[in-house]
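# Descriptive analysis of the structure
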Amino acid sequence: MAVELDPQLLEILACPSDDHAPLTVGSPTDPEADVLTCTSCGRQFPVQDGIPVLLLEEAIEPPDGTADK
């Protein structure tokens, strides 16, 4: 199931890392995944019961070599 968030909310959500990059719905390999993916660092943040969990401790780290940094 794809993440369904209010478009206005999605516009203001940002990665909690130092660069605060925008987030996109889904993952690079699965656009229907229940995650938000950072456009800069590639971390994936789970969405549980429609609520994004934007904690670095809960993030799924990208595979080596896929992040922009």
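Provided above is the structure to which this section pertains.
What comes next concerns the included structure.

Analysis parameters
- Residues numbered from 1 in each chain as written.
- Predicted model: local features only at pLDDT ≥ 70, side-chain atom pairs only at ≥ 80, totals over all residues.
- Heavy atoms only, no water.
- Helix = DSSP H or I, 4+ residues; strand = E, 2+ residues; numbered from the N terminus.
- Polar contact = N/O pair within 3.5 Å; in protein donor to acceptor, adjacent residues only side chain to side chain.
- Contact = heavy atoms within 4.5 Å.
- Buried < 20%, exposed > 50% of the residue type's maximum accessible area, 1.4 Å probe, protein only.
- Pairing = 2+ DSSP bridges.

The next point concerns the side chain of Thr 37. If you trace the backbone, Thr 37 turns up in strand 2 (residues 35-38). A distance of 2.5 Å separates the side chain of Thr 37 from the backbone oxygen of Gly 26, its partner in a polar contact. Once residues lying within four places of it in the same chain are set aside, the contact partners of Thr 37 are Pro 22, Leu 23, Thr 24, Gly 26, Ser 27, Pro 28, Gly 42, Arg 43 and Gln 44.

Summarising the element assignment, Ala 14 is placed in the loop between helix 1 (7-12) and strand 1 (23-25). When the C-alpha positions of Ala 14 and Thr 37 are compared, they lie 9.6 Å apart, and in sequence the two are 23 residues distant. Setting aside its immediate chain neighbours within four residues, Ala 14 contacts His 20, Ala 21, Leu 23 and Leu 54.

Moving on, we get to the pairing of strand 2. Alternating residues of strand 2 divide into Val 35 and Thr 37 and Leu 36 and Cys 38, and every residue in both groups is buried. Of the pairings in the sheet, the one linking strand 1 to strand 2 comprises three bridges and is antiparallel in character. Pairing of Thr 24 across the sheet is with Thr 37, part of strand 2. Summarising the sheet, strand 2 and strand 3 (residues 44-48) pair through three bridges and their orientation is antiparallel. Within strand 3, the residue paired with Leu 36 across the bridge is Phe 45. The turn linking strand 2 back onto strand 3 is made up of five residues, and Gly 42 within it adopts a positive phi angle of 85 degrees.

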